[in-house]
Amino acid sequence: MSAAEPQPQPVLVTGGTGTTGRRVADRLLAAGRRVRVASRHPHPGHPHLVAGHEAARFDWTDPATHAPALDGVRRIYLVPPVGASDPAASMLPFLDQARRAGAERVVLLGSSAIAETDGGLGEVYRAIRERFPQWAVLRPSWFMQNFTGDHVHAQSVREHGEIVTATGDGRVAFIDADDIADVAARALTDERPHNAAHLITGPEALSYADVAATLTRVTGRTVRHRAVSREAMRDRLAGSGVPEQFADLLAGMDEAIAGGAEDRTSDVVERVTGHAPRSFTDLAAAHWRA
Ligand SMILES: NC(=O)c1ccc[n+]([C@@H]2O[C@H](COP(=O)([O-])OP(=O)(O)OC[C@H]3O[C@@H](n4cnc5c(N)ncnc54)[C@H](OP(=O)(O)O)[C@@H]3O)[C@@H](O)[C@H]2O)c1
């Protein structure tokens, strides 16, 4: 079946109103696929539900919503329950149910910070590889979109002219969510399944001080990086409403960055999509230039 022909079965996109999910849904729709966007609030007032997308009520915490969302589905873009300390607890039963319902291909949004040998989401990586004949695990680096919109870093830049992290001088190859969605769309629609874990990064590893310098150049206002301890970072995140265990996990990831864990780039965007990943300077100019 060619990419342009409509598929008889919808592709289910969980987190389909979120940062990557809505971009994936748009790409699938543009490629002529039927898309079922899963959302806790699948009504027309939702700011990120786009006309043309079929919508299903879906809540990780409400298993009664899972079977109707999976009805007739063969392919799934899977975004884990955001902020869950034990994502496998709800995802593994969902994956079993999806397989029984006839799903064949799953493309999971994972993270560069989580490997297959890890617990938690690492267990979900393994389950997808073992249970589905067609699969891909996307392991993107940190999103460039963390510095746009309502994200905590973007707010801090706007309100205080600073980015606060426990990453020290550590570097991260930030990635544009559009590039992640391009890779995801290929993994979902390519005739040959990828059956691979993709480490997805932007074109260059940057420290948060580098990011601050770019935002300073682009906005014309001084933006600095304030490095804090892991404990201070955890408390700051928890104070802003992030659940305590998740705040601790995120602060631990900052510490890993400080130790160099994310100082790497990959060629996956170019190899899978045929185009180079977007640079942070380019994205920042598009979003922040007055
Ligand atoms: N930010 C980064 O730098 C980064 C880096 C690597 C990986 N990631 C991964 O990206 C994922 C999401 O990132 P994000 O922060 O940008 O979130 P997001 O995708 O923008 O938003 C969360 C999505 O989850 C849905 N959702 C929330 N609670 C739900 C529930 N109980 N049941 C079903 N759906 C629910 C929301 O939909 P409704 O509100 O419509 O229900 C929304 O579409 C995480 O798994 C994270 O590990 C992030």
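Scroll up a little and you will see the structure.
(A) Quick look at the site of the ligand. Taken together, 20 residues lie near the ligand, and Thr17, Thr19, Ser39, Arg40 and Phe143 sit nearest. Ser39 places a polar side-chain atom, nitrogen or oxygen, 2.6 Å from an oxygen atom of the ligand. Take Trp60: an N or O atom from its main chain is 2.9 Å from a nitrogen atom of the ligand. When isolated, the ligand has an accessible area of 910 Å², and the protein chains bury 78% of it. Partitioned by chemical class, the residues of the shell around the ligand number eight nonpolar, 10 polar and two charged.

(B) Summary view of the packing of helix α1 (residues 21-30) against helix α6 (residues 177-189). For the pair α1 and α6, the least separation of the axes is 8 Å and the interaxial angle reads 50°. When the axes of α1 and α6 are compared, the pair comes out oblique. α6 is crossed by α1, and the crossing has right-handed handedness. Along its contact with α1, which presents Arg23, Val24, Arg27 and Leu28, the element α6 presents Ala177, Asp178, Ala181, Asp182, Ala184, Ala185, Leu188 and Thr189. Across the contact of α1 with α6, the residue classes break down as seven nonpolar, one polar and four charged.

Rules used throughout
Residues numbered from 1 in each chain as written. Predicted model: local features only at pLDDT ≥ 70, side-chain atom pairs only at ≥ 80, totals over all residues. Heavy atoms only, no water. Near = heavy atom within 4 Å. Polar contact = N/O pair within 3.5 Å; in protein donor to acceptor, adjacent residues only side chain to side chain. Areas by Shrake-Rupley, 256 points an atom, 1.4 Å probe, with all protein chains shown as cover. Nonpolar A, V, L, I, M, F, W, Y, C, P; charged D, E, K, R; others polar. Axes fitted to C-alpha atoms, helices over the stretch in contact; angles between N-to-C directions. Helix = DSSP H or I, 4+ residues; strand = E, 2+ residues; numbered from the N terminus. Parallel < 35°, antiparallel > 145°, perpendicular 65-115°, else oblique. Left-handed = near helix turned anticlockwise from the far one by under 90°. Contact = heavy atoms within 4.5 Å.

All we've got here are geometric facts, nothing functional implied.
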